[in-house]
Amino acid sequence: MNPIEVKNLKKSYGKVEAVRGVSFAVAEGEIFGLLGPNGAGKTTTLEILEGLKQPDSGKIKIMGLDIEKNLSEIRSHVGVVLQSTGLLPELTLAELFELFAGFYENVRPVQELAAEFDLIEILERKYSELSGGQRQRFVLALALLHNPKIVILDEPTLGLDPAVRQRFWDIILSLRGRGITVLLTTHYMEEAEIVCDRVAIIDYGKIVAQDRPTKLINSLGVISRVKFMSSKTINLSELEQITGIVSVRRDRYVYDLETEAPEASLRELLAWEKDFAGKIFNLQVETATLEDVFLKLTGHSLRE
Ligand code: ATP
């Protein structure tokens, strides 16, 4: 059984068809991302899954349970982090933990959770006094208070600065290690690439592709390149044997390698260089990204 199953979900707001037949399934322990630009229908999809909005049509099963009939049981299995969380801003984190603990039967010890999310030092601080990164850590900790099997995160790193965002990615990745199934939305393609096991690319309310990020990138024939210069002539057939390399070109001392697996190729190239009599320098990698995939599939950029 997949913890999350969504079939042919549709939702319109008046004339705006926000979600136009979305289907996907998330496997246990998987981190699945809905990647798309603003207004693509990501939040609407999540809000329907959280029981906050009614779909016009479609079938949703969470932990094998039909969302229409079992919403309260489903809520005990799901932790949610919304884009803007309407918490009582004047309460301290300790007070908010206590308040929310009262809603559930089985909760994790607050100290343990606070330690895990690096919140011990700020437990007595008011929610309104937290920085963006602290807020996100706290709301995720709060979402995990009742030991949910599924966590749903809407744009978890929106507006965070790069270092804080990176830290948050580690936290999300650590959830997978504990068997928690994660569904998140993002419009940051690097977030989708780094964090998600699989992504569904969504545009104008429709999923245009879904797979592992690397598979999506490779399937479109968007090839990455490794370029470098060499002090000594290299026999091209040696380079052709490197993992992932699909073609090799040389223009005087500049080598231009096309690769399907840029990371693997690069590692092997550097290992190969150790026994090479010359020196390679000015090494550059141009990798294809999910942004390229999005552009190729939709004809427009993710950031538009
Ligand atoms: P964002 O990241 O900006 O929230 P999104 O991909 O999550 O974007 P949604 O918020 O689901 O997209 O919005 C999808 C479409 O539905 C947009 O065109 C939006 O303007 C519209 N929409 C969303 N909520 C409502 C509403 N309550 N009433 C009318 N239209 C809405």
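**Thoughts on the sheet that holds strand S6 (residues 78-81)**
The strand order across the open sheet formed by six strands is S6-S7-S8-S3-S9-S10, and the pairing between neighbours is mixed. Either end of the sheet is taken by a strand with one partner, and the two such strands are S6 and strand S10 (206-211). Between one strand axis and the next, the sheet turns by 15 degrees as a mean value, whatever way the strands run. Across four bridges, the pairing between S6 and strand S7 (residues 150-154) is parallel. Opposite Gly-79, over in S7, you have Val-151 as the bridge partner. Strand contacts of helix H11 (residues 290-298): strand S3 (31-35), strand S9 (198-203) and S10, with the helix running at about 40 degrees to S9, the strand carrying the most contacts.

**Here we look at unusual backbone geometry**
Glycine aside, residues mostly have negative phi, and peptide bonds are mostly found in the trans state. Not every positive phi belongs to a glycine, and Asn-147 is a case in point at roughly 55 degrees. For Asn-147, the position within the fold is in the loop between helix H5 (132-143) and S7. What makes Asn-147 partly exposed here is its relative accessible area of 47%.

**Description of the site of the ligand**
As a matter of local geometry, the ligand sits amid 13 residues, with Gly-39, Gly-41, Lys-42, Thr-43 and Thr-44 nearest to it. Between the ligand and Ala-40, the relevant distance is 2.9 Å, taken from an oxygen atom to a main-chain nitrogen or oxygen of the residue. Here Gly-41 contributes a backbone N or O atom positioned 2.9 Å from an oxygen atom of the ligand. Of all the elements in the fold, those that place two or more residues in the shell around the ligand are strand S2 (16-26) and helix H1 (42-49). Within the shell around the ligand, the residues separate by chemical class into five nonpolar, six polar and two charged.

**Considerations on the pairing of strand S8 (residues 181-186)**
Of all six residues making up S8, six are buried, and the element is well covered by its neighbours. Residue alternation in S8 divides its side chains into two sets, Thr-181, Leu-183 and Thr-185 and Val-182, Leu-184 and Thr-186, and both sets are buried. Where S7 and S8 come together, five bridges link them in parallel fashion. Bridge pairing in S8 places Ile-152 opposite Leu-183. Considered for its hand, the β-α-β crossover made up of S7, helix H6 (residues 162-177) and S8 is right-handed.

**Comments concerning the packing of aromatic side chains**
What the rule picks out here adds up to six aromatic pairs. Between the aromatic rings of Phe-100 and Phe-103, the centroid separation amounts to 5.4 Å while the plane-to-plane angle is 70 degrees, which identifies the pairing as edge-to-face. Where Phe-228 meets Tyr-255, the ring centres are 5.3 Å apart and the plane angle is 10 degrees; that geometry is what we call stacked. In this pair, Phe-228 is assigned in strand S11 (residues 224-230) and Tyr-255 in strand S13 (residues 254-259), connecting sequence segments 27 residues apart. Taking the relative accessible area as the measure of exposure, Phe-228 reaches 1% and is therefore buried. By relative accessible area, which is 1% here, Tyr-255 ends up buried. The positively charged end of Arg-135 is found above the aromatic ring belonging to Tyr-127, 4.8 Å away from the centroid.

**Considerations on the pattern of salt bridges**
Per the stated rule, a full pass over the model turns up 16 salt bridges. Residue Lys-59 is joined to Asp-66 by a salt bridge in which the shortest nitrogen-to-oxygen separation is 3.5 Å. Here Arg-178 and Glu-116 are joined by a salt bridge, their closest N and O atoms 2.5 Å apart. Taken together, the residues span a long stretch of sequence, with Arg-178 in the loop between H6 and S8 and Glu-116 in helix H4 (residues 110-116) at a distance of 62 residues. On the basis of relative accessible area, Arg-178 is assigned to the partly exposed category, the value being 38%. Taken together, the shared-partner salt bridges connect Arg-108, Glu-112, Glu-116 and Arg-178 into one network.

**What about the nonpolar core?**
Judged by nonpolar contacts, the single largest core of 48 residues is most densely connected at Phe-97, Leu-119, Phe-138, Leu-140 and Leu-290. By size, the runner-up hydrophobic cluster in this structure holds 26 residues, among which are Val-19, Met-63, Ile-67 and Ile-152.

**Describing the sheet that holds strand S5 (residues 65-66)**
With antiparallel pairing, the four strands of this open sheet are ordered in space as S2-S1-S4-S5. Whereas interior strands pair on both sides, the edge strands pair on one side only; in this sheet they are S2 and S5. In the sheet, strand S1 (residues 4-13) pairs with strand S4 (residues 57-62) via five bridges, with the strands oriented antiparallel. Across the sheet, the residue bridging to Glu-5 is Lys-61, located in S4. Of the strands in this sheet, S1, S2 and S4 touch H1, which is tilted by about 120 degrees from S1.

Cut-offs used in this document
- Residues numbered from 1 in each chain as written.
- Predicted model: local features only at pLDDT ≥ 70, side-chain atom pairs only at ≥ 80, totals over all residues.
- Heavy atoms only, no water.
- Pairing = 2+ DSSP bridges.
- Helix = DSSP H or I, 4+ residues; strand = E, 2+ residues; numbered from the N terminus.
- Axes fitted to C-alpha atoms, helices over the stretch in contact; angles between N-to-C directions.
- Contact = heavy atoms within 4.5 Å.
- Buried < 20%, exposed > 50% of the residue type's maximum accessible area, 1.4 Å probe, protein only.
- Near = heavy atom within 4 Å.
- Polar contact = N/O pair within 3.5 Å; in protein donor to acceptor, adjacent residues only side chain to side chain.
- Nonpolar A, V, L, I, M, F, W, Y, C, P; charged D, E, K, R; others polar.
- Right-handed = clockwise from strand over helix to strand, strands pointing away.
- Phe/Tyr/Trp six-rings, centres within 6.5 Å; stacked < 30°, edge-to-face > 60°.
- Lys NZ or Arg CZ within 6 Å of the ring centre and 35° of its normal.
- Salt bridge = Lys/Arg side-chain N within 4 Å of Asp/Glu carboxyl O.
- Core = buried A, V, L, I, M, F, W, Y, C linked by side-chain atoms within 4.5 Å.

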